[in-house]
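So the chains spell out like this:
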There are 2 protein chains.
Amino acid sequence: MKSNEASMKDVAILAGVSTATVSHVINNTCNVNDKTKMKVTKAIKELNYKVNPTARRLRTGNSKIIGFVVSNLAHYFYQEIGAKIEEILNKNGYELFYINSHEDPEKEKQQLELCKLEDFAGVIVVPVNNDWSNLKDIYDSKPIVFIDRKPKNVRRDVVLITNTQSSFNLTNYLISKGAKKVAFISPQLDNTMQLRLDGFKDAMIQNNLSIDEDCIIFTKHKPKTYTDLAQDEEWNRILDYVINEKKIDCIISGNALFAFGAISYFKKNNIKLQKDLLFGTFDNAFWMMNLDQEIVVIEQNTKAIGEKAASILLKRLNGEAFIYDDYCIDTKLLTLNDKADK
Amino acid sequence: MKSNEASMKDVAILAGVSTATVSHVINNTCNVNDKTKMKVTKAIKELNYKVNPTARRLRTGNSKIIGFVVSNLAHYFYQEIGAKIEEILNKNGYELFYINSHEDPEKEKQQLELCKLEDFAGVIVVPVNNDWSNLKDIYDSKPIVFIDRKPKNVRRDVVLITNTQSSFNLTNYLISKGAKKVAFISPQLDNTMQLRLDGFKDAMIQNNLSIDEDCIIFTKHKPKTYTDLAQDEEWNRILDYVINEKKIDCIISGNALFAFGAISYFKKNNIKLQKDLLFGTFDNAFWMMNLDQEIVVIEQNTKAIGEKAASILLKRLNGEAFIYDDYCIDTKLLTLNDKADK
DNA sequence: TTGTATGCGTTATCAT
DNA sequence: ATGATAACGCATACAA
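Residues numbered from 1 in each chain as written. Chains lettered and ligands numbered in written order. Predicted model: local features only at pLDDT ≥ 70, side-chain atom pairs only at ≥ 80, totals over all residues. Heavy atoms only, no water.

As a structural note, the neighbourhood of DNA strand C is formed by 26 residues, with Arg 56 and Arg 59 of chain A together with Thr 21, Asn 33 and Arg 59 of chain B the closest of them. For DNA strand C, the fraction of atoms within 4 Å of the protein that belong to sugar or phosphate moieties is 73%. Within the backbone of Ser 18 of chain B, an N or O atom sits 3.0 Å from a phosphate oxygen of DNA strand C. Taken together, the elements giving at least two residues each to the surface near DNA strand C come down to α2 (19-27) and α4 (53-60) of chain A together with α2 (19-27) and α4 (53-60) of chain B. Residues of the surface near DNA strand C, tallied by class, amount to ten nonpolar, eleven polar and five charged. (Near = heavy atom within 4 Å. Polar contact = N/O pair within 3.5 Å; in protein donor to acceptor, adjacent residues only side chain to side chain. Helix = DSSP H or I, 4+ residues; strand = E, 2+ residues; numbered from the N terminus. Nonpolar A, V, L, I, M, F, W, Y, C, P; charged D, E, K, R; others polar.)

Residue and element names in this part refer to chain A. Read across the sheet, six strands follow the order β7-β6-β8-β9-β10-β12 without closing on themselves; strand pairing throughout is mixed. Only two strands of the sheet have a single partner each, and these edge strands are β7 (216-219) and β12 (331-336). Strand-to-strand, the axes of this sheet are offset by a mean angle of 20°, without reference to chain direction. Pairing between strand β6 (residues 182-187) and strand β8 (residues 250-253): four bridges, direction parallel. The residue bridging Ala 183 from the neighbouring strand is Ile 251, located in β8. Against the sheet, helix α11 (residues 256-268) contacts β6, β8, β9 (278-282) and β10 (295-300), and its axis sits at roughly 155° relative to β9. (Pairing = 2+ DSSP bridges. Axes fitted to C-alpha atoms, helices over the stretch in contact; angles between N-to-C directions. Contact = heavy atoms within 4.5 Å.)

Before going further, it helps to spend a moment on the sheet that holds strand β9 (residues 278-282) of chain B. All names here are of chain B. Within the open sheet, the six strands sit side by side as β7-β6-β8-β9-β10-β12. Their pairing is mixed. Of all the strands in the sheet, the pair left with one neighbour each is β7 (216-219) and β12 (331-336). Mean inter-strand twist for the sheet, computed between neighbouring axes without regard to direction, equals 20°. For β9 and strand β10 (residues 295-300), the ladder comprises three bridges, and the chain directions are parallel. Counted as the bridge partner of Thr 281 is Val 297 from β10. Each of β6 (182-187), β8 (250-253), β9 and β10 touches helix α11 (residues 256-268); the most contacted strand, β9, lies at about 155° to it.

What follows covers empty space enclosed by the protein. One pass over the full model with this rule turns up two cavities of 30 Å³ or more. Size it by volume and the largest cavity reaches roughly 50 Å³. Lining the largest cavity, in full, are Pro 127, Val 128, Asn 129, Asn 130, Arg 149, Lys 150, Pro 151, Asp 190 and Asn 191 of chain B. Across the lining of the largest cavity, the residue classes tally to three nonpolar, three polar and three charged. Estimates place the volume of the second largest cavity at around 30 Å³. What lines the second largest cavity is simply Arg 57, Ile 65, Phe 97, Glu 118 and Phe 120 of chain A together with Arg 57, Ile 65, Phe 97, Glu 118 and Phe 120 of chain B. (1 Å grid on protein atoms, 1.4 Å probe; cavity = no way out; pocket = protein on both sides within 12 Å on 5 of 7 lines; lining within 4 Å. Points joined across faces, edges and corners; volume = space filled by probe spheres on them.)

Residues and elements named next belong to chain A. What the rule picks out here adds up to 34 salt bridges over all chains. Arg 149 is the partner of Asp 190 in a salt bridge, and the nearest nitrogen-oxygen pair spans 3.4 Å. Within this pair, whereas Asp 190 is found in the loop between β6 and α8 (191-206), its partner Arg 149 is found in the loop between β4 (144-147) and β5 (157-161), the two being separated by 41 residues in sequence. Asp 214 is paired through a salt bridge with Lys 246; the nearest N and O atoms lie 3.1 Å apart. With a gap of 32 residues between them, Asp 214 in the loop between α8 and β7 and Lys 246 in the loop between α10 (233-245) and β8 connect regions that are remote in the sequence. Taking the relative accessible area as the measure of exposure, Asp 214 reaches 42% and is therefore partly exposed. (Salt bridge = Lys/Arg side-chain N within 4 Å of Asp/Glu carboxyl O. Buried < 20%, exposed > 50% of the residue type's maximum accessible area, 1.4 Å probe, protein only.)

Let us look at the protein's contact with DNA strand D. With respect to spatial proximity, 28 residues lie near DNA strand D, and among them Thr 21 of chain A together with Met 8, Tyr 49, Arg 56 and Arg 59 of chain B are the closest. Backbone atoms, meaning sugar and phosphate, form 69% of the atoms of DNA strand D found within 4 Å of the protein. At 2.5 Å from a phosphate oxygen of DNA strand D is found a side-chain nitrogen or oxygen belonging to Thr 21 of chain A. The backbone of Asn 52 of chain B places a nitrogen or oxygen atom 3.0 Å from a phosphate oxygen of DNA strand D.

Pasting the structure below:
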């Protein structure tokens, strides 16, 4: 389909030069006489010429597009990270496309394949696939930075939070508040959750508290909306079980998604947190601040995470060589909505 | 940059045919002998050949990518719509890229320009720019569907909710609950807000209630995080003003963003909704269900909105010709967290 | 049914 | 300093 846009050829003809010269002017790739440069610039303006990125990409194999492939875009958490990433990348001439893998490994694989075929300059990924031994080739040529989860069998830059330490701190804090029998509950056991679990166990052991493995629960929930989640019967069963049968006095939630479901349960059952039941969770989600529940949270520094991921990616894009490493961002332990607030 | 991927030429050589034949096999564009078809298919598999979308796009001017350009991706509302759109488009062989315009008209313009340059097959837009007289050419050749807001000076398909009617119903309902002096507050006065305002005014007039124009307030807030919003001093001033000075007995919120800020204010000031103050809002956001406030909401049917937008776009992509129209999706008036719940 | 040849809009090599 | 030309990988008009 012939587009009605001006091409480089049109510019060249109007300016009375060759396409090579136009290209040189556009890309500053060669010393061009000021006079001819003027002519070309004028022609470009006159025709409202825009470089065709598709043609450029076919020729060079490079684009100015970064893919942000996210396990579940609906989490506000990733939106804050994404905004920071976008801000930094935009400043450096890149555009960010958000891609939602919906916690589906197969879908993520196809999307990453597409990013490669589309010659994206690089990708930032909140990975769903845990084992990357079959995915290594998918992004071997272009920079890739992982966020939030560290997949296996791939050596690349990873930006995480201090998972084990934060979990240790959270558990310790709740123990200091009187927790004796603690449950750890979360959807999906991935690498990140494993680290959080480690911190939890360490704290329990150091405090000479026994760990009941029955109260460490990971569900296999496929992605759901928050609304669906709150009404999910499985959450109710699990919470009924640990609270009524196992008689735990404290729950640690692995992320904001479970926290939402749990809080819905607490509301229904009229449970006052930190009084009737100690409760701590990873993530400080915006909606928590308007609740009438006191919640202990591990706040992740989304700005710092985004900034780190973007700056590492930029360095890689610029061809800087440095060792692939894990970057851990500190968290903050906060108590939301406690009486001291007022 | 020479990629190490197999090209169509490699396939042709291995299969002992011409590239034209390979192309025909891939695109079913010509009757090809079963035997040669087999040979080609085998070679494709053997080389793990993938069509290069960039080259195809340069040649044909078409891609299988749809852009979803959203005013602010952080709103969960758009995530639900997006998920539905994606589901439908994926089934039809299209991939969806999410693009965040951050309520920035200039940015949106550039992004739409990029979608055009990248030869996206089409776009679905929650528009930030209100006047499209200078943007018409930007997407004149490819299908475009607007969602949630109807921009001026462009005749294209628009998927909206029944804004005026819903607002009328909401206002009427609150009046039936005793509202006499009502404030209407929202960030950003766009076309959609104007319609909601119209419905509000109609209801007030029909009920012989006077409208205080000082209590109709639109702020010019640039996008902020929810967290920032809750602490924004401007909201506090506005709410102080209408509640304490203007002595209103009811507030209608134009969207979930303002509702969040307002609820934060109510919490701080210990105001019990529907008792101390009547309150209704557009949008049923997931976080509202866990509050200890009774809230009257206009729930938008995100699935229906997404489905309508995607199906219209698909029809346009398939070249079906029909009149550009506005499609209005019904809403539901709900009361969240009322005592009858238990 | 299959192959040849051309062009999509760039960039890059090599002359001039 | 500038221009002619090939090549990126594919689709397609046309010839065989």
